[in-house]
Amino acid sequence: SYQSIFNDTRHSYTTGLSFMYDEFYERLNDSIFTRTEEVSGAFFQYTYNDLEKLQIIPGIRADYHNQYHWFFTPRLHVKYNINESTTLRASAGRGYRTANIISENIHLLAASRTFKMTNAPQQEKAWNYGIHLSKHIDILHREAQVNVEVFRTDFNNQMVINIDKDPHVIYISNLEGASFANVLQAEFKYEP
């Protein structure tokens, strides 16, 4: 990768190339989940940092996958220091992933059920976005920290494991319809 600045240190960028090679061989009974993945890509990320309150980082990746062809993954991260003790962060981006059917569901092997693919597995795709608020508070001359975050993932494709359709078979298929995950987490840290 290569990193440099535009004009001054408030404006910087990182760019580069990548290559990933993975070979998977998963076999269970009469099912073989073998694949070789070769992914070559390029990325560019710009950073704006006013050195006091605001930092903005947009980025883009373009990758070519030997099975799924071209895909693009944009992302955006924003950090804003509201004051010395409070920080607000926001992020959004696109994500892709290839599921490892057997190793990610190894706990299901204890049931001695047959795994059955109902259609050819596709790459998982999702949009992720959320916000995070962090606040430092002084309590009895010691620092406490409060964190609250809300994140959502909207899946465009997801591998679905159905263990309820048949007591002898675990059905694996691509997503049909909408799927999402919402996360709300609140945390309080304090050492008395």
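Before going into details, it helps to say that this report is about the structure given with it. (Residues numbered from 1 in each chain as written. Predicted model: local features only at pLDDT ≥ 70, side-chain atom pairs only at ≥ 80, totals over all residues. Heavy atoms only, no water.)

## Describing the nonpolar core
Point 1. By size, the foremost hydrophobic cluster in this structure holds 10 residues: Leu-28, Phe-33, Ala-99, Ile-101, Ile-102, Leu-108, Phe-115, Met-159, Ile-170 and Ile-172.
Point 2. Dropping the residues within four chain positions of it, Ile-102 is found in contact with Glu-26, Leu-28, Phe-33 and Phe-115. (Core = buried A, V, L, I, M, F, W, Y, C linked by side-chain atoms within 4.5 Å. Buried < 20%, exposed > 50% of the residue type's maximum accessible area, 1.4 Å probe, protein only. Contact = heavy atoms within 4.5 Å.)

## Quick look at the packing of aromatic side chains
Point 1. One pass over the structure, following the stated rule, counts 8 aromatic pairs.
Point 2. Plain terms: the ring middles of Tyr-2 and Tyr-13 are 6.2 Å apart, the flat faces sit at 50° to each other, and that makes the pair tilted. One end of the pair, Tyr-2, is in strand 1 (residues 2-6); the other, Tyr-13, is in strand 2 (residues 8-28), with 11 residues separating them in the sequence.
Point 3. Look at Phe-71 and Tyr-96: their rings are 4.6 Å apart centre to centre, the planes differ by 40°, and that puts the pair in the tilted class. Of this pair, Phe-71 sits in strand 5 (residues 69-83) while Tyr-96 sits in strand 6 (residues 86-97), and the two are 25 residues apart along the sequence.
Point 4. According to the relative accessible area criterion, Phe-71 is buried, its value standing at 9%.
Point 5. Looking at Tyr-96, the relative accessible area reads 24%, which means it is partly exposed.
Point 6. Ring pairs connect the aromatic residues Tyr-2, Phe-6, Tyr-13, Phe-44 and Tyr-46, which therefore count as one cluster.
Point 7. Here the guanidinium or amino end of Lys-165 rests over the ring plane of Tyr-171, the centre of that ring lying 4.6 Å away. (Phe/Tyr/Trp six-rings, centres within 6.5 Å; stacked < 30°, edge-to-face > 60°. Helix = DSSP H or I, 4+ residues; strand = E, 2+ residues; numbered from the N terminus. Lys NZ or Arg CZ within 6 Å of the ring centre and 35° of its normal.)

## Brief notes about the sheet that holds strand 7 (residues 114-117)
Point 1. Judged by pairing direction, the sheet is mixed, and its 3 strands sit side by side in the order 7-11-10 without closing on themselves. Both outer strands of the open sheet, strand 7 and strand 10 (159-166), are each paired with one neighbouring strand and no more. Pairwise comparison of adjacent strand axes, ignoring direction, gives a mean angle of 30° for this sheet. (Pairing = 2+ DSSP bridges. Axes fitted to C-alpha atoms, helices over the stretch in contact; angles between N-to-C directions.)

## Details of the pattern of salt bridges
Point 1. One pass over the full model with this rule turns up 6 salt bridges.
Point 2. Measuring nitrogen to oxygen at the nearest pair gives 2.8 Å for the salt bridge that ties Glu-104 to Arg-97.
Point 3. Owing to a relative accessible area of 33%, Glu-104 belongs among the partly exposed residues under this scheme.
Point 4. Since its relative accessible area comes to 37%, Arg-97 is described here as partly exposed.
Point 5. Arg-152 is the salt-bridge partner of Asp-154, the closest N and O atoms lying 2.9 Å from each other.
Point 6. Residue classification places Asp-154 among the partly exposed positions, given a relative accessible area of 21%.
Point 7. Overall, the relative accessible area of 26% leaves Arg-152 in the partly exposed class. (Salt bridge = Lys/Arg side-chain N within 4 Å of Asp/Glu carboxyl O.)

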